[in-house]
Amino acid sequence: MTFNNPNQTNSSVWNPFEPTQRDINRTEELAQKNPTVAGILTLFLLPAAMIYLNRGINNLKILAYVFLIAFTMGTVFYKKDNKQQLDIMSNVVGLAGNIAIIAENTRAVTLARKRQSQTNF
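I will try to describe carefully the structure that is included in this document. Keep in mind it's a predicted model, so treat the numbers as computed, not measured.

**Notes on the packing of helix 4 (residues 35–44) against helix 7 (residues 83–120)**
In contact at an axis separation of 9 Å, helix 4 and helix 7 are set at 160° when each is read in the N-to-C sense. Judged by the angle between their axes, helix 4 and helix 7 are roughly antiparallel. In this structure, the crossing between helix 4 and helix 7 has a hand that is right-handed. Residues Pro35, Gly39, Thr42 and Leu43 of helix 4 form the contact with helix 7, whose participating residues are Asn98, Ile101, Ile102, Asn105, Thr106, Val109, Thr110 and Arg113. Residues belonging to the contact of helix 4 with helix 7 are distributed by class as follows: 5 nonpolar, 6 polar and 1 charged.

Below you can see the structure in the form of structure tokens.
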């Protein structure tokens, strides 16, 4: 991924739901993948999904955001007597991150299929 891509704005470089230039260049390969398989692999074993799709930068962006949010919540809301509530909040953040990664991987395949169908016309 290059940071000097004229088609991307500075904000889209940090947006994990925007396709990277590498994804656009690999549209044919990504379009051949099954979004259901990508979602199930992501649910159970993220590295397997990253290998299956041969992509990882957007997944790593989401993981970084999840860790940043969890760390921030942990430092701001930490109290020794309130540990159970912190555990619940961290589980919610983890679940939201997992859902976001699943959605991003399945979306990458469906967007590749859409780009492929648009170029075939």
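That was the structure; now back to the text.
**Observations concerning the packing of aromatic side chains**
Tallied over the entire structure, the rule returns 0 aromatic pairs. In this structure, Lys33 is placed above the aromatic ring of Tyr52, and the distance from its NZ or CZ to the ring centre is 4.8 Å.

**Some points on the side chain of Asn105**
On the secondary structure map, Asn105 appears in helix 7. Beyond its immediate sequence surroundings of up to four residues, Asn105 is in contact with Thr42, Leu46, Ala49, Leu53, Arg55 and Asn59.

**A word on the environment of Phe77**
Examined against the element boundaries, Phe77 turns out to sit in helix 6 (residues 57–77). Judged by its relative accessible area of 42%, Phe77 is partly exposed. Each C-alpha atom of the pair Phe77 and Thr106 lies 34 Å from the other, and the pair is 29 residues apart in sequence. Every residue in contact with Phe77, bar those within four places of it in the chain, is listed here: Leu86 and Met89.

Rules and cut-offs
- Residues numbered from 1 in each chain as written.
- Predicted model: local features only at pLDDT ≥ 70, side-chain atom pairs only at ≥ 80, totals over all residues.
- Heavy atoms only, no water.
- Axes fitted to C-alpha atoms, helices over the stretch in contact; angles between N-to-C directions.
- Helix = DSSP H or I, 4+ residues; strand = E, 2+ residues; numbered from the N terminus.
- Parallel < 35°, antiparallel > 145°, perpendicular 65-115°, else oblique.
- Left-handed = near helix turned anticlockwise from the far one by under 90°.
- Contact = heavy atoms within 4.5 Å.
- Nonpolar A, V, L, I, M, F, W, Y, C, P; charged D, E, K, R; others polar.
- Phe/Tyr/Trp six-rings, centres within 6.5 Å; stacked < 30°, edge-to-face > 60°.
- Lys NZ or Arg CZ within 6 Å of the ring centre and 35° of its normal.
- Buried < 20%, exposed > 50% of the residue type's maximum accessible area, 1.4 Å probe, protein only.

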